[in-house]
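Close look at the chain arrangement
These are the residues of each chain, in order.
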Amino acid sequence: LIQPATLRAMEPPQKKAKTEEEEDAPNDKSARIKEMPAFLTEDTTMNVIPSSTGNMLTTLTDGGLQYLMAGARSNIGLKSGRYAFEVKILESSAPHEDPAARNRIMGSRSQLRIGVATTTSSLFLGETEDSLCFDSDGNFFRGRRKSTGGPKFTTGDVVTLVVNMDTTGTNAKTVSLFKDGQRCSPPQPLPESLANQALYPALSFRNICVFYNFGPVPLVPLPFTCRLVKDASQKDVTIKVEKPDEQHEVLFPVSLPDEGGFDWLDQFLESHPSFSELSDRALLRWCEKSGIHRPKGYQAAARSSNDKPEMGFGIAALDDLSVRRMLQAVAGLQKRNLVVMEMKSNLLKSERKELTTRWAACGCKRVAAVVVGEPPASFRAFSQEMMLRIKQEALTAEFKAKVQEERKKTAEKQQPLDPENKAKKVQDALKRKAEFERRKREAETRGEPFDEKEDDEEEVKDVELEDVPQAELTAEEKKLVFRKAPVNDLTPYVLNTNFQKFSLPDDEEEFDEIRWVWHDEDRAKQHLNEWIQMKKLTSRLEDLVPGEWFNAKWKEWQKVVQSYQAKQNVYKAEAKKNATEVDKDVGEVDFDHLDVFGVEDVSDVGGGEPLFAFFGFEDWTLMSARYELHLMAHAFSKDSNDPDRVAVPVEHLPFYYQKYYKKALNPKAFGVENCEEVVDLVRDTVLITGKSKVLEAQLPEDLESTNLFVMLTEESRRDRNRRIDMGDDSAKLKIQGHGGHGGHGGQNARPNAPTLSQQVMAASRRPGYSSQVRPASPFGDKGYDKGYDKGY
C-alpha cells in the first residue's frame, strides 16, 4: 500500500491552495527618494520623545501624560504605487495612575494604532474621517467607524502596513496588515475621500515604546516582495521637508473676550498647520481624543468658559492641571511653533510679562498678535461657515434621531402580535440584554467606560445625505460680526474683575515683534478704550463693598421702620380696645380727606393716629422697596469709585441688591415678572432711564427725614384703593406675604370707614375739587410726576 505522505507528495503543485493574492513588486528603475523618512517635530504631539538614534518613539508618562494618546505622522506622503512600513513594539509600560482613572480611560492602557492619514488630519488616528488604521486590540478604524480588523498584537510583534495606491491590479486602493510576516486582515478598501489624496504613514500610541522601519530592508519578509517607503520612487510620493535654519515662533494672541479671538485662532491654525496650540481648550480636546471619559461630556455648553474650561475628570493630575505644567515644560525644549492662547493673561500687562519671561530661554521669537477691532471679510466668511456647520451638525443629529424613532415604531407595527412572535420578541430582547450585560461586565473588568450608544448609531448609519434637511443662516446671523458661542470666552466674574486693567502690548514689553492683525495700533487702542467704557455700563462690580455712608443710612432706616411698626401696633391695640373712642378721634381728624403731604408728624396726624395706621403687609413692603432702591441708587455712585459708573444697570439689580442688603430681590414675591416691573411699582421714587436702562433716583440723597417715604406709600395706597373701588382690577397688588390681599389696605381696613365711592362723592362737593387720580407731588421735578412725563 502507498503511504498517505507519499500520496501527498505525488499531488500536482497547481492544486495547492494559494495563500496570498498580492503579487511581487515589479522591477522599477525610476529615481528613488533621497530624503530620509522621519517624523518631524511639528507633526508629533508634545508628549512624543524620539530617540537620537535607532528610529524609536516613546511617550512621557508622568504628571498626567500617561493618560494621553501620542500621535506622529511621517514626512512622506504616498500618492501612487504599493509600499509598506513596519513597527515593532519594544515595550509596554504600566505607569502609576490614579485609582479613579480606571473607570475613566476608554480602551487599553497601552495601545498602538498604525495607519495612514492626510497631511491636514488629526494626529490621532481613528478620530477623524481623513484617516484609517488598525489597533493593537484587533480593531480596524475607517474614520470613526470601528470594525473587527484581525488578531491583537503586543510586545515583540512586528506589524507591517501595506498601502496599495495603485488604481489597477490586485488589491488596488487598499491597506493590509501583516503580523510577523503573515497576513492578519483582508485588504481594506480606501474610502473615496482618501483614494486620490497623498496618504502619510502615521502612528498613535499610549504608554509604549516602538521601533519604526521605513526600509529599505524589512525586519520580517512578507510572502511577496514589497518595497518599503525608503525605497519609494520620487514620482510616487510627496515629501515634507524641514527647514533646519528656521527660527520658531511663540505666538501670543491678544483679543477681547467674545470678539472672535478663538475663532481667529482656529482660522490661523487651519492655514498654519505647523503651529501647535497651548491652552486649556486644546488640552480638553486632547483628552477627548485620548478616550478619557468626562462626566459632564465634551460639548461646548459643558464648559465654564473657553479660556479656562474646568477639566472635571475626577483624575487629580488632570483636574489640578499638573499635565498642563508638564506640557509647558516640555514644549519649551522642542523645536516647534507654538500658540500660547491665554485670553485673560494676554490682556493683562503683568501676566504678559510673566509669559514672555517664561519663554525667553527657549530661543524662539516671541510675537504678540493683536486681534482687536473690525475683522476682515475673510474672517466673517470663516465665522459664518462655522455657524452653518454647527447648525448642520445639530440638524443632522436631530434628523437621525427622528429616523431612528420612526424605524422603531414601524418595526413595532409590522410585528404580528400572535403568541409565537411575541414569545420570540421577548426571547430576542432577553438575548440582547444578556449580551449587553456581558459586554458591560467585560468593560468594567478592563476598567473601561461602556458605550451604550454604539448600537443606536449603527441603526441610522445608512441615512442618505440627500434626505437630511440643509441648515441655513438667518438674516440676523448673517449680520453678526462675531459668532455667538455656546459659552463665553471668560466667566462673568473673571471678566468683571479684570476688564478695567486690560491693555494692549507696547514697545516697552519684551516681545520681539508686535503684529497688529486687524487694525493698526492707534485704532486698536481706541477700540479697546471704547469697549472698556461700554463694559462699565453693562458689567457688574464683583468686588463692590457698601461704604460707611450707606451703612449709617441703612441702620438708621431700620430703626425708623421698627418705630413705625411699633407705633402702628400700639394704635391698633387701642382701637380694638375702645372702638367708639377711636371713631370719635378719627372723625375729628377727618383722616380720609387728610392732605398726606401736608402732615408735619407722620407718627401722629391727630389724636395719636399715625399716617401709616392702615398700612397692610404690601404697603410696608412697597415702602421698604422705595427706600432701599432710593438708598442703593445713591450709594452705588459713591461706592463704585468710578466716575464712569454712577448708576446701577437694571439687569444687575438683583446682584447689587444682594450685595447691599444681603437678601435676594425676587420679582415673583412682588407679583411681577422682572425687575423693571418691580421698579415700576415704586416709580414715584426711582425710575429706569437711558438706553443702558439704569436705575435713577427721583429724590435727593440729603432728605431731612424719611417721612416722605411714608407719605408716598400712603398716597399710593389711597390711589390704589380708589382705582380698585372704581372697578380697575389692574390696580390690585399680588405681593406675596401674610395678611395682604392687594385690596383696600389688606386686613387693616379701617372699621366703620366710609366706602371709597362715598369718599369720592363727598370730596367732589368740596370747592376746588379735581378729579385727577393721583395728585401732583409738592416736590416738583423730584416727585413722581417726573415718572409720568417719561412714560411710566
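Remember, it's a predicted structure, so these values are computed and weren't measured experimentally. (Residues numbered from 1 in each chain as written. Predicted model: local features only at pLDDT ≥ 70, side-chain atom pairs only at ≥ 80, totals over all residues. Heavy atoms only, no water.)

Attention shifts here to the overall build of the protein chain. Scanning the protein chain for helices and strands turns up 22 helices and 24 strands. Expressed as a percentage of the 792 residues in the protein chain, the buried residues total 47%. For the protein chain, restricting intrachain contacts to residue pairs at least 6 apart in sequence, the fraction spanning at least 24 positions comes to 74%. (Helix = DSSP H or I, 4+ residues; strand = E, 2+ residues; numbered from the N terminus. Buried < 20%, exposed > 50% of the residue type's maximum accessible area, 1.4 Å probe, protein only. Contact = heavy atoms within 4.5 Å.)

Further remarks concern the pairing of strand β2 (residues 56-59). Burial of the side chains of β2 is restricted to one face: Leu57 and Thr59 are buried, whereas none of Met56 and Thr58 on the reverse face is. Pairing between strand β1 (residues 48-50) and β2: three bridges, direction antiparallel. Paired with Val48 across the bridge in β2 is Thr59. The turn joining β1 and β2, which pair antiparallel and follow one another in sequence, is formed by five residues; a positive phi near 100° is taken by Gly54. The pairing of β2 with strand β15 (residues 208-213) spans two bridges and is classified as antiparallel. Along β15, the bridge assignment pairs Leu57 with Val210. (Pairing = 2+ DSSP bridges.)

In this section: the environment of Leu347. Within the fold, Leu347 resides in helix α7 (residues 343-347). With relative accessibility at 0%, the residue Leu347 sits in the buried group. When sequence neighbours within four positions are dropped, the list of residues in contact with Leu347 reads Val254, Ser255, Leu256, Pro257, Arg352, Lys501, Phe502 and Ser503.

Attention shifts here to the nonpolar core. Side chains of nonpolar character tend, in soluble globular proteins, to be buried together. The biggest cluster of nonpolar side chains holds 58 residues, and the ones touching the most others in it are Leu611, Met623, Met632 and Leu653. Only α15 (548-577), α17 (617-639), α18 (653-661), α19 (675-681), β23 (686-689), β24 (694-697) and α20 (707-725) provide two or more residues apiece to this core. Considering every element that reaches this core, the biggest residue donor is α17, with 11 residues. Beyond its immediate stretch of four places on either side in the chain, Met632 contacts Leu653, Tyr656, Tyr657, Tyr660, Tyr661 and Leu695. Core analysis: the second largest hydrophobic core is formed by 38 residues, Leu57, Ile114, Val116 and Val175 among them. (Core = buried A, V, L, I, M, F, W, Y, C linked by side-chain atoms within 4.5 Å.)

Averaged over the protein chain, the pLDDT score is 83; the fraction of residues at 70 or greater is 83%. This model gives residues 1-11 a pLDDT under 50, and the stretch forms one contact once residues within four places in sequence are excluded. Low pLDDT, under 50, characterises residues 13-18; the stretch is placed with zero contacts to residues that sit more than four places away or in other chains. (pLDDT = per-residue confidence, 0-100.)

Time to look at α15. The first and last C-alpha atoms of α15 sit 44 Å apart over 30 residues, in line with the 44 Å expected at 1.5 Å per residue. For α15, the full list of buried residues reads Phe550, Trp554, Trp557, Val560, Val561, Tyr564, Gln568, Tyr571 and Ala575. (Expected span 1.5 Å × (residues − 1).)

Our focus in this paragraph is the pattern of salt bridges. Taken as a whole and judged by the stated rule, the model has 51 salt bridges. Across the pair Arg227 and Asp231 runs a salt bridge, and its minimum N-O distance is 3.6 Å. For Arg227, a relative accessible area of 12% gives the class buried. (Salt bridge = Lys/Arg side-chain N within 4 Å of Asp/Glu carboxyl O.)

Here we take up helix α6 (residues 322-331). Residues of α6 that are buried include every one of Ser322, Val323, Leu327, Val330 and Ala331, and no others. Projected down its long axis, α6 shows its buried positions confined to an angular sector of 165°, all on one face. Its buried side turned inward, α6 meets β18 (275-278), α4 (280-289), α5 (316-319) and β19 (337-340). (Arc of directions from axis to C-beta.)

This part is about the environment of Ala331. Among the structural elements, Ala331 can be located in helix α6. You can call Ala331 buried: its relative accessible area is 2%. Taking the C-alpha atoms as reference points, Ala331 and Asn47, separated by 284 residues in sequence, lie 8.7 Å from one another.

A word on the sheet that holds strand β22 (residues 648-649). Strand order across the open sheet formed by three strands is β22-β24-β23, with antiparallel pairing between neighbours. Here the strands that pair on one side only, and so sit at the sheet edges, are β22 and β23.

With that settled, the discussion passes to the side chain of Ser233. As for its placement among the helices and strands, Ser233 is situated in the loop between β15 and β16 (237-239). Here the side chain of Ser233 touches Asp28 through a polar contact of 3.0 Å, side chain to side chain. When residues no more than four places from it in sequence are discounted, the contact partners of Ser233 are Asp28, Ser30, Ala31, Arg32, Ile33, Tyr83 and Arg227. (Polar contact = N/O pair within 3.5 Å; in protein donor to acceptor, adjacent residues only side chain to side chain.)

By the definition in use, this model includes 30 aromatic pairs. Ring centres 4.9 Å apart and planes at 65° place the aromatic pair Phe636 and Tyr656 in the edge-to-face group. Residue Phe636 is located in helix α17, and its partner Tyr656 is located in helix α18; the two are separated by 20 residues in the primary sequence. Judged on exposure class, the residue Phe636 and its partner Tyr656 are both buried. Grouping aromatic residues by their ring pairs yields a cluster made of Phe550, Trp554, Tyr657, Tyr660 and Tyr661. Positioned over the ring face of Phe655 is Arg540, at 4.0 Å from the centre of the ring. (Phe/Tyr/Trp six-rings, centres within 6.5 Å; stacked < 30°, edge-to-face > 60°. Lys NZ or Arg CZ within 6 Å of the ring centre and 35° of its normal.)

Cis rather than trans, the peptide bond between Gly215 and Pro216 has omega equal to 10°. Note that Pro216 resides in the loop between β15 and β16. Phi is positive for Asn55, close to 55°, though the residue is something other than glycine. Tracing the sequence through the fold places Asn55 in the loop between β1 and β2. Phi is positive for Asn207, which is not a glycine, with a value near 55°. Positionally, Asn207 belongs in the loop between β14 (200-206) and β15.

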